[in-house]
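Read off the chains here:
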Amino acid sequence: MNLKISELGKIVPTNPDPMTTMPNRYFTKMRGLTAAAIVCFALPMCMPVSAQEEPAAPPAAEVVAPAEAAAPADPTVEQRVADLESYFGNVGVGGSGDTTWGSKVGGVPGPGHNGWMMTCAALVLFMTLPGLALFYGGLVRKKNVLSVLAQCLGCAGMVTVIWWAVGYSLVFGKSFGSPFLGGTEFFFLKGVDYKPNTDYCYWVSHNVFAMYQLMFAIITPALIIGAIAERMKFSAIMLFIAIWMFVIYIPMAHMIWGVTGLMNGVWNGDAAIPAIDFAGGTVVHMTSGWSALVLCIILGKRMGFGKEKMSPHSMVLCMVGTGMLWVGWYGFNAGSALAADGISANAFMTTTLAAATAGFVWAIVEKIIKGHASILGICSGIVAGLVVITPACGFVDATGAVVIGVLAAIIPYIFVMYLKGAFGYDDALDTFGIHAIGGTLGAILTGVLATSEVNGNLTDVNTYAAANGLAKLVADGGLLGKQLMAVGITLVISIVGTLIIAMIVKVVLGLRPTPEQETVGLDITDHGEEGYDF
């Protein structure tokens, strides 16, 4: 077949074959008929509904699926402003009751609150490392200083692993629906991410909240070290603390702070005992202090106790540690508001007033009785003031804090200076006299001095406090009875639990080093090192 270039640039045959052109004509006609049929069919489908026949109603037996719920409308400008105000007021977003909207900031941590809580978490860890380590380390003899530091470090590591695996979930979970333990939903910190856990705080990341609470779990058993310093094996202490966390700390922390806790008067509307503990008078100081007393009695006295001098080897370290504890305690107390808000500011103020007052009053008492005010006495008074204000700091006003500071100096002073000698127990660094007595005193004084004027969560505005009767107790002056019940439960759990744990550890590992090892010092016998080489 001959080809040529057409005017349009296409290649066409010059002498078309009849057998080729006939099928082309046929196919052209077929295409035209097909196009006409498509147009005839499609036109009615494109007409308006009104121009077509009405569709037949579905049969009576046919089930029509319900329409899906409409998504929340975008918030108006006024609603978005309301969400912004909720951030400053530390409350939830998206409205409430019959008026709700899809918030643009729901599930998002608030930068200011989140930053404050990360700082507070670091401050609470600073209380243990190096604050408590130096405070206790300075008070022991130099042959045992490293043993105290090692015990604080070991406690931090082991408790962190427990917290990651199951501890956090058993305290702050709720899947069990139990007043005594939390749940399993956060095992291995599953689901603990940047989104706030609104059971506890609206604007703080869940992972930040979990780490903040971890720091409390670290320092609590570390406080016990002070009572049994210089005479308990490192391995025995670690095993004791591991069991102690499960038997005593975790149940107590859930009962007081967990959202389904037995004694969480502020955040559990079903709390059987609507008690209050802002930052850990019962959970931290009573549990560790009363456990310390039981354990030091079971251990027995240090070799040479009452016969040879056992003075602190470095009051300089003790004072430095006290200063660190005081600074870190702002994270402990003010941070327990779980926001950078007015309640946190009140706790910051009352913490300062109580600590300063107690340190000053202790010094005055020493000057009157002994003729001089010692650095050890001033440090003891400051720590006692910090301990006693802990459960009350977010619930009392400035005058209440000063009252607490005065009593924090006088009552623990009597136990440290007189009753310890009268009863003959060897509380090496006064953990019982300061923490057990101070925590108990603080829990009781909270029931007397708490006022809704500084914390609106103690009023009917807080629906939980209204439901469980806490608001009425605070208004009518009946809170003290519930506080005493919480104190009693804490005493029983701490004392009985410690007796059982100590017996288990004694059978498994033994509690004390040999007399020869204790004479040499735990730095060498437990760790193969010396704190000072000069």
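Remember, it's a predicted structure, so these values are computed and weren't measured experimentally. (Residues numbered from 1 in each chain as written. Predicted model: local features only at pLDDT ≥ 70, side-chain atom pairs only at ≥ 80, totals over all residues. Heavy atoms only, no water.)

Thoughts on the overall build of the protein
Short version of the rule: Helix and strand labels come from DSSP, where a helix needs a run of H or I of at least four residues and a strand needs a run of E of at least two; each type is numbered from the N terminus. The cut-offs for exposure are 20% and 50% of the maximum accessible area for each residue type, with area from a 1.4 Å probe on protein chains only; residues under the lower value are buried, those over the upper are exposed, and the others partly exposed. When checking whether two residues touch, look at their non-hydrogen atoms; a contact exists if any pair is within 4.5 Å. Reported accessibility uses the Shrake-Rupley method at a 1.4 Å probe radius. Residues are deemed covered only where the shown protein chains occlude them.
For the protein, the helix and strand inventory stands at 17 helices and 4 strands. Within the span of the protein, comprising 534 residues, buried residues form 49% of the whole. Looking at the protein alone, contacts between residues at least 24 apart form 74% of all its contacts between residues at least 6 apart. Only carbon and sulfur atoms are counted for the fraction: they give 68% of the accessible area of the protein, which is about 24700 Å².

Considering helix α8 (residues 315–333)
Rules: One fewer than the residue count of a helix, multiplied by 1.5 Å, yields its expected span. In this scheme, the bend at a residue equals the angle between the axes fitted to the seven residues that finish there and the seven that begin there.
Here α8 is 19 residues long and its end C-alpha atoms lie 26 Å apart, about the 27 Å a rise of 1.5 Å per residue gives. At V327, α8 shows its strongest bend, of approximately 25°. In this fold, the buried residues of α8 make contact with α3 (111–139), α5 (206–224), α7 (281–299), α9 (342–370) and α10 (375–389).

Notes on the nonpolar core
Selection criterion: Side-chain atoms within 4.5 Å are what join buried Ala, Val, Leu, Ile, Met, Phe, Trp, Tyr and Cys residues into a set we call a nonpolar core.
Formed by 139 residues in total, the largest nonpolar core has its most connected members in F135, M232, F240, Y249, W257, M263 and F332. The greatest single-element share of this core, amounting to 16 residues, is contributed by helix α6 (residues 234–257). Filtering out sequence-adjacent residues up to four positions away, F240 remains in contact with I224, M232, L295, T498, I501, A502 and V505.

Some details on the confidence of the model for the protein
We apply this condition: You can read pLDDT as the predictor saying how much it trusts each residue, on a scale of 0 to 100.
Taken residue by residue, the protein gives an average pLDDT of 89. The fraction at 70 or more is 86%. In the predicted structure, residues 1–58 sits below a pLDDT of 50 and forms 20 contacts with residues beyond four places in sequence or in another chain.

Looking at α6
At M245, α6 is deflected by roughly 50°, the largest bend along its length. Buried residues dominate α6, accounting for 18 of its 24 residues.

Points about the side chain of T128
With respect to the helices, strands and loops of the structure, T128 is situated in helix α3. Exposure remark for T128: the relative accessible area of 0% places this residue in the buried category. Discounting residues that sit within four places of it in the chain, T128 has contacts with A133, C152, I218, I219 and A222.

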